[in-house]
Protein chains: 2
Amino acid sequence: MLEVAAMELDVAFLPRPGRSDVAVVIDVLRMTTTAATLLSRGVERLEIVAGTDPALARAAETGALLFGERDGLPFPGFDGGNSPLEHLGNDYSGRVAILCTTNGSKAVEVVADADNVLLGAIVNAPTVARLAVELARDRITLVCAGTYDAVSLDDVLGAGCIAREVLRVSAAFEPTDAARIALALAESAGGVEKVLGTAQHARVLRDLGFAADVSFAARLGSLGSVARLVGRGPLRFEAVAPD
Amino acid sequence: MLEVAAMELDVAFLPRPGRSDVAVVIDVLRMTTTAATLLSRGVERLEIVAGTDPALARAAETGALLFGERDGLPFPGFDGGNSPLEHLGNDYSGRVAILCTTNGSKAVEVVADADNVLLGAIVNAPTVARLAVELARDRITLVCAGTYDAVSLDDVLGAGCIAREVLRVSAAFEPTDAARIALALAESAGGVEKVLGTAQHARVLRDLGFAADVSFAARLGSLGSVARLVGRGPLRFEAVAPD
């Protein structure tokens, strides 16, 4: 029997180091959704910085736009928050933006040794999947950012949406057990937006007045921009599109 | 608004230490399914031992029955393997049995400080859930054994089946994001047996000739026996039933 050696499609429910051709970091509520939104509004380069003080210093030094949150709300001295909708009407053509986040930047740092690091969300799942398939030689790992050491449903749902698109565009990938679990979540009755609404962090955002961000984050394939890691000190991303 | 403080229903995709009233260790293929089967055949006390040499020594010393596997097959010198079906027709009334397993015993050791440790599977999910609810004061953690450091779909499916039963018998529990992911897997289209069949370890067992064990392990609520940890050196379990 001729057997084609399958490539592996894996999901990490929390960030973990490990060799992978392609690591896709997923923080649906809201870092990677906001990153895709900023790139779609013309941001040319995106930097991710973990602490507020380093982020403020970097912005002062470079003149970059500075966005981010602490406990869901914009931080004093920043140019804006981490809400994708607050950026959707703006034109940031040619600008550099710094995103200051905790869990998202930690996740990128953990996997930064992968040959290719992309930021993935539900809004750009089909484009991320096509790009990941193009770049992969033997393994794609979808890395859920989580919330500190707890698994986040929103990130696993995002991983499931991207995994589904990978399997749609390529027959070469075999999902691991973890990828199958994420796929089951993405296939849940009621659809992506309803499932996303059950996430603990979706409830927190609704309580803070960001219910529209949760709905926006659930719009599968509404954006075509994907951020790809191009430099590691600080973590710099540029927009890419698959062929 | 009067709000009842919810108790937490959590799932650990891999064993991790942590304070919990009730930890339910789940190794659907096949340790905890076999444990429930042995108790249903009259085994009075069950011991779980990690290594084959310690297990052989303990059996020689105590006269206990010795069951277990290495790479899915019975180990030389053992009285039987880890297949639930090979035990189903036997009468072990009043006997002590030793189960020698790697991932399952590691998982029990990681959570052995919980106030109550139960072994859960799909076959005894309703009984395990009722018992866990009776014992819980503020948190139930469903602990998936996994396969070394990889998440196993069969264990997360078992956790989802037990979680669903917990929510059926008690309105006091709020599922965490991880528990909601497991619940989504248990609610997957096609049903529990079909989903279990997609697990990597189900494929391994089929290749070894144990397809019937996989079907047996998917029979939700077919057994009423639950093993509860009563001693920690070695890990000793006794059968319990909820009130």
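Quick caveat, the model's predicted, so the values are computed rather than measured.

Let us now look at the environment of A:D177. Topologically, A:D177 is positioned in helix α7 (residues 177-186). Note on A:D177: relative accessible area 7%, which makes it buried. Taking the C-alpha atoms as reference points, A:D177 and A:L9, separated by 168 residues in sequence, lie 9.6 Å from one another. A polar side-chain atom of A:D177 sits 2.8 Å from the main-chain amide nitrogen of B:L153.

What follows is about the environment of A:A145. Residue and element names in this part refer to chain A. Summarising the element assignment, A145 is placed in the loop between β8 (139-144) and α6 (153-169). The sequence separation of A145 and D155 amounts to ten residues, and the corresponding C-alpha distance is 6.7 Å. Not counting residues up to four positions away in its chain, the partners in contact with A145 are L14, P15, I26, D27, N103, G104, A107 and D155.

Next up on the list: the relation of the copies chain B and chain A. Expressed as a screw operation, the relation of chain B to chain A combines 0.0 Å of axial shift with a rotation of 180°, fitting to an RMSD of 0.0 Å. Both copies of the chain, as the preceding transformation shows, are related through a two-fold rotation axis. The share of interface residues of chain B whose copies in chain A are also at the interface is 100%, consistent with both copies meeting through the same surface.

To continue, consider the interface of chain B and chain A. Chain B puts 18 residues into the contact, and the matching count from chain A is 18 residues. In this assembly, chain B and chain A are joined by two salt bridges. In this structure, the salt-bridge partner of A:R203 is B:E174, at a minimum N-O distance of 2.8 Å. On inspection of chain B and its partner chain A, the count reaches eight residue pairs in polar contact (both at pLDDT 80 or more).

Closest axis-to-axis distance for the α7(A)/helix α6 (residues 153-169) of chain B pair is 9 Å, and the angle between their directions is 40°. Each of A:D177, A:R180 and A:I181 in α7(A) lies in contact with α6(B), whose residues at this interface are B:L153, B:D154 and B:V156. Tallied by class, the residues present in the contact of α7(A) with α6(B) amount to three nonpolar, no polar and three charged.

The next subject is helix α2 (residues 52-62) of chain A. Residue and element names in this part refer to chain A. When α2 is considered as a whole, its buried residues turn out to be T52, A55, R58 and A59. With its buried residues spanning 125° around the axis, α2 presents them on a single face. The exposed set on the far side of α2, more than 90 degrees from its buried face, consists of D53, A60 and E61. Buried residues along α2 sit in contact with β3 (45-49), β4 (65-70) and β6 (96-100). Trailing α2 by a residue or two, G63 shows a phi angle of about 75°, which is positive.

We now examine the sheet that holds strand β5 (residues 73-74) of chain A. Note: strands within a sheet are paired through backbone hydrogen bonds, in either parallel or antiparallel orientation. Residue and element names in this part refer to chain A. Spatially, eleven strands are ordered β5-β4-β6-β3-β11-β10-β7-β2-β8-β1-β9 in an open sheet, and the strand pairing comes out mixed. Sheet topology places β5 and β9 (173-175) at the edges, where each strand pairs with a single neighbour. Where β4 meets β5, two bridges bridge the pair, whose relative direction is antiparallel. Bridge pairing in β5 links R70 to L73.

Reading the values: the criteria
- Residues numbered from 1 in each chain as written.
- Chains lettered and ligands numbered in written order.
- Predicted model: local features only at pLDDT ≥ 70, side-chain atom pairs only at ≥ 80, totals over all residues.
- Heavy atoms only, no water.
- Helix = DSSP H or I, 4+ residues; strand = E, 2+ residues; numbered from the N terminus.
- Buried < 20%, exposed > 50% of the residue type's maximum accessible area, 1.4 Å probe, protein only.
- Polar contact = N/O pair within 3.5 Å; in protein donor to acceptor, adjacent residues only side chain to side chain.
- Contact = heavy atoms within 4.5 Å.
- Least-squares fit on C-alpha atoms with pLDDT ≥ 70 in both.
- Salt bridge = Lys/Arg side-chain N within 4 Å of Asp/Glu carboxyl O.
- Axes fitted to C-alpha atoms, helices over the stretch in contact; angles between N-to-C directions.
- Nonpolar A, V, L, I, M, F, W, Y, C, P; charged D, E, K, R; others polar.
- Arc of directions from axis to C-beta.
- Pairing = 2+ DSSP bridges.

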